[in-house]
Structures are given as structure tokens and as C-alpha cells.
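Listed below are the residues making up each chain.
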Amino acid sequence: MESVPRFQSSFAGFARRSACCTVRHCNQKTSSTKNFFKPSVTLETFLFYSLGAVSVGSALMMVTRRSPVMSALYLVLNFFALGGLYLSLHAQFIAFIQILVYAGAIMVLFVFVIMLLNLGDEKKLTEKFSWKKIVGAGLSFGVLMELIFVFAYSTASLPPSQFEKATQIGTVENIGMQLFTTFLFPFEVTSVLLLAAIVGAVVLAKKKLN
Amino acid sequence: MELQPYLYLSAITFVIGVVGVLSRRNAIIVFMSIELMLNSVNLTLVAFSAFLGDVTGQMLVFFAMTVAAAEAAIGLAIIISMFRNKQTVNIDDINILKW
């Protein structure tokens, strides 16, 4: 992992270069080294950490809210932050599909069902404390440690980074080309899956099975 | 930007979803936590796709979103029929499959 070079998108690289130039111009008499005033925070890292903070914070709020409506709204916020992260990875098509399908369609379905169920007063929704929750939180902390251990100490070597190519592969044009050539068969199978989902949802939510 | 921070972020989000599934008793919030876990795995796939310069990860995310939409429709239909039979969405009260 150490051999992977630092990745800079063209825009962030340009911003950093221009910042370097202006700083060097101002401090030409005091410092002649080029890399001394290199800013350590680029636009990309700033975007990543702010969107990541929004994502983690809204996920925490989603899990801890008592009312399902508040949970659903925080989940929408989390989906928007994830859409921003996809954009920062130059996956434009996936970012907009994320906003349209997840934050639009699926969450509307959730809010609609919450409204339909009429869960009543908030007191009935309070969940009592139990030792099972402590065990559950401890187990999930174990999962987190395991994942971080795998990511940090894995000796698997990745091929060299191709991040400069990412601007070309995430476009609608390229995704559509791949979808209708290489991935044509899974795409057609998806239609059968959606048909099964429609039939299943209608049958399950019907009033009486006879 | 490097690959590792994206992996850590998706690990943290995934584990928040696991906490939600294990510790919440409201079936709708459990279901939303499952959606959160699906999304964190999607973030891993898109990050790998961008850093390896391979479009296959993004295609997999596209199909995962399709499956997630179908899963949301079916799961919410199950929750509606559960609520119609038992008048509750608390998963402690819904235990007829448990023996």
C-alpha cells in the first residue's frame, strides 16, 4: 500500500500549484525552497473529510433516533453525503443514480410506509434498555476492529493507481456503453427480478390470501 | 487522495449499520440500517473502481441498487402485512417463526 503514489485530480493539483506559486512569490526573499509552503489540505481531502463527517454523523443519528420519521430523514442526509463522495470519486452516473433512486424513490417508499402504519404516540416507541444491546454493540465493535485490521495490515498488494483515468470511466456515456454491451445479460435479468419484486410486493401487501 | 480513507469510512458506516440491526427493536429502523450497510459496501466498490480504473465496480453498484430497490419494496410489504396481523412493528413481539 505504501507504494501507491499520492493521487491528485487535475483541479486539486492546479489549485495546489497555483497556491504554491503565489506563496513562493510572496516569500521569495525569505525562502527559496519550492516545497516548503505546500498546503497539506487539498480540495479533495477537504471534501472527503467534510462529507465523511456528515455521513458518519447522520448514520449515528439515524440509528439512535426514537421516531422512525427522524431516522428516515437522517438516512436521506446520509445518502446525499454518499452521493457527494461518489462525485468526488468521479463516478458521476452512480452519484446521480444514488440521489434519484435512493434518496428519491426508496426513501419516499419508507416514509410512505411509516405514514401508513400510524405507529401512534412516541411513548410506545421507546425501547427498553437490555444487556443484549450491550452485547450487540460489543460484537459490532469487534467487527469494526476486524475490518480496520484487515484494511491496515493486509499484505495484499494493489496494482498501481489509475485515478487519473477515473474521470473517463464514470461518465454516463461509458457506463451506458458497458451496460448494453458487456453487461447486457445481467441487465436483462434485472427486469425479471423487478417483475418478481412487483408481484411479490402486491401479493404480500394484499389484504387476504385466498 | 488515497484509497485507504474511503475504506475506513465505509467500514465505520457499515459497523453503524450493524449496531442498528443488533440493538434496535423497531423493524423499520432495522430495515433502514440494512440499507445503510448496503450503501457502505457500495462506497467501497466505487472507491476501488475509481482507484483501479475499472468500470466493473460501478456496474456492480448499479445492479446492487436495483436489487436494493426490489428488496425495499418486498421488505416494506412484509412489514405492512406484519403490522396488519400483529398491530406492532416491534421485532420482539413478532416471533412465530421462533421455537
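Rules and cut-offs
Residues numbered from 1 in each chain as written. Chains lettered and ligands numbered in written order. Predicted model: local features only at pLDDT ≥ 70, side-chain atom pairs only at ≥ 80, totals over all residues. Helix = DSSP H or I, 4+ residues; strand = E, 2+ residues; numbered from the N terminus. Rg over C-alpha atoms; globule rule 2.2 N^0.38 Å. Buried ≥ 20, exposed ≤ 12 C-beta atoms within 10 Å, placed from the backbone. Contact = placed C-beta atoms within 7 Å. Nonpolar A, V, L, I, M, F, W, Y, C, P; charged D, E, K, R; others polar. pLDDT = per-residue confidence, 0-100. Axes fitted to C-alpha atoms, helices over the stretch in contact; angles between N-to-C directions. Parallel < 35°, antiparallel > 145°, perpendicular 65-115°, else oblique. Expected span 1.5 Å × (residues − 1). Core = buried A, V, L, I, M, F, W, Y, C linked by C-beta atoms within 7 Å.

A. Layout of the overall build of chain B. Assigned secondary structure in chain B consists of three helices and zero strands. Moving toward the C terminus, one meets the helices and strands of chain B in the order α-α-α. The C-alpha radius of gyration computed for chain B amounts to 17 Å, which surpasses the reference 13 Å derived for 99 residues by more than 25%, pointing to a less compact arrangement than a globule. Judged by the C-alpha coordinates and their principal axes, chain B covers about 50 × 25 × 20 Å. Of all 99 residues assigned to chain B, the portion counted as buried reaches 53%. The long-range fraction of contacts in chain B, counting pairs at least 24 apart against all pairs at least 6 apart in sequence, stands at 46%.

B. Structural detail: the interface of chain B and chain A. Contacts between the two partners involve 58 residues from chain B, matched on the other side by 71 residues from chain A. Elements supplying a minimum of two residues to the side of chain B that touches chain A: helix H1 (4–23), helix H2 (27–52) and helix H3 (56–86) of chain B. Across the side of chain B that touches chain A, the residue classes break down as 42 nonpolar, twelve polar and four charged.

C. Unusual backbone geometry, seen in detail. A positive phi angle is found at A:His90, which is not glycine, with a value near 65°. Although it is not a glycine, B:Gln87 sits at a positive phi angle of roughly 60°. Relative to the helices and strands, B:Gln87 is located in the segment after H3.

D. Region of interest: the confidence of the model for chain B. When pLDDT is averaged across chain B, the result is 91; 99% of the residues are at 70 or more. No element of chain B has a lower mean pLDDT than H3(B), at 92, and none a higher one than H2(B), at 94.

E. Representation of the packing of helix H3 (residues 68–88) of chain A against H2(B) in the model. At a minimum axis separation of 11 Å, H3(A) and H2(B) run at an interaxial angle of 5°. The pairing of H3(A) with H2(B) is recorded here as roughly parallel in orientation. For the pair H3(A) and H2(B), contact is made by A:Pro68, A:Ser71, A:Ala72, A:Leu75, A:Asn78, A:Phe79, A:Leu82, A:Leu85 and A:Tyr86 and by B:Ile28, B:Ile29, B:Met32, B:Glu35, B:Leu36, B:Asn39, B:Leu43 and B:Val46, respectively. Its residues assigned to classes, the contact of H3(A) with H2(B) comprises 13 nonpolar, three polar and one charged.

F. Molecular detail of the confidence of the model for chain A. Residue and element names in this part refer to chain A. Per-residue pLDDT for chain A averages 80, and the proportion of residues at 70 or more is 77%. Of all helices and strands in chain A, the one with the weakest mean pLDDT is helix H1 (residues 10–26) (44), whereas H3 scores best (94). Note on residues 1–33: pLDDT under 50 across the span, and 32 contacts to partners over four residues away in sequence or across chains.

G. Just H3(A), in detail. All names here are of chain A. Taking 1.5 Å per residue, 21 residues should reach 30 Å; H3 reaches 30 Å between its end C-alpha atoms and fits that length. Most of H3 sits inside the fold, with 15 of its 21 residues counted as buried. Two residues or fewer after H3 comes His 90, characterised by a positive phi angle close to 65°.

H. Spotlight on the environment of B:Ala70. Here B:Ala70 shows up in helix H3. For B:Ala70, the residues in contact, after removing those within four places along its chain, are A:Leu193, A:Leu194 and A:Ala197.

I. Spatial organisation of the environment of A:Leu144. Following the sequence through the fold, A:Leu144 ends up in helix H5 (residues 131–153). By C-beta crowding, A:Leu144 is classed as partly exposed, having 17 other C-beta atoms within 10 Å. Filtering out sequence-adjacent residues up to four positions away, A:Leu144 remains in contact with B:Ala11, B:Ile12 and B:Val15.

J. How the structure looks around helix H8 (residues 184–205) of chain A. Here H8(A) contains 22 residues, and its C-alpha end-to-end distance of 32 Å stays within 8% of the 32 Å for a straight helix at 1.5 Å per residue. Counted residue by residue, H8(A) has one buried out of 22 residues, so it is predominantly exposed.

K. Structural detail: the nonpolar core. One finds A:Ile94, B:Met32, B:Val46 and B:Ala47 to be the most contacted residues of the largest nonpolar core, which totals 64 residues. Elements with a contribution of two residues or more to this core: helix H2 (43–64), H3, helix H4 (92–117) and helix H6 (166–169) of chain A together with H1, H2 and H3 of chain B. Examining the composition of this core, we find that 13 residues originate from one element, H2(B), more than from any other. With near-sequence residues (within four places) excluded, A:Ile94 lies in contact with A:Tyr86, A:Gly170, B:Val46, B:Gln58, B:Val61 and B:Phe62.

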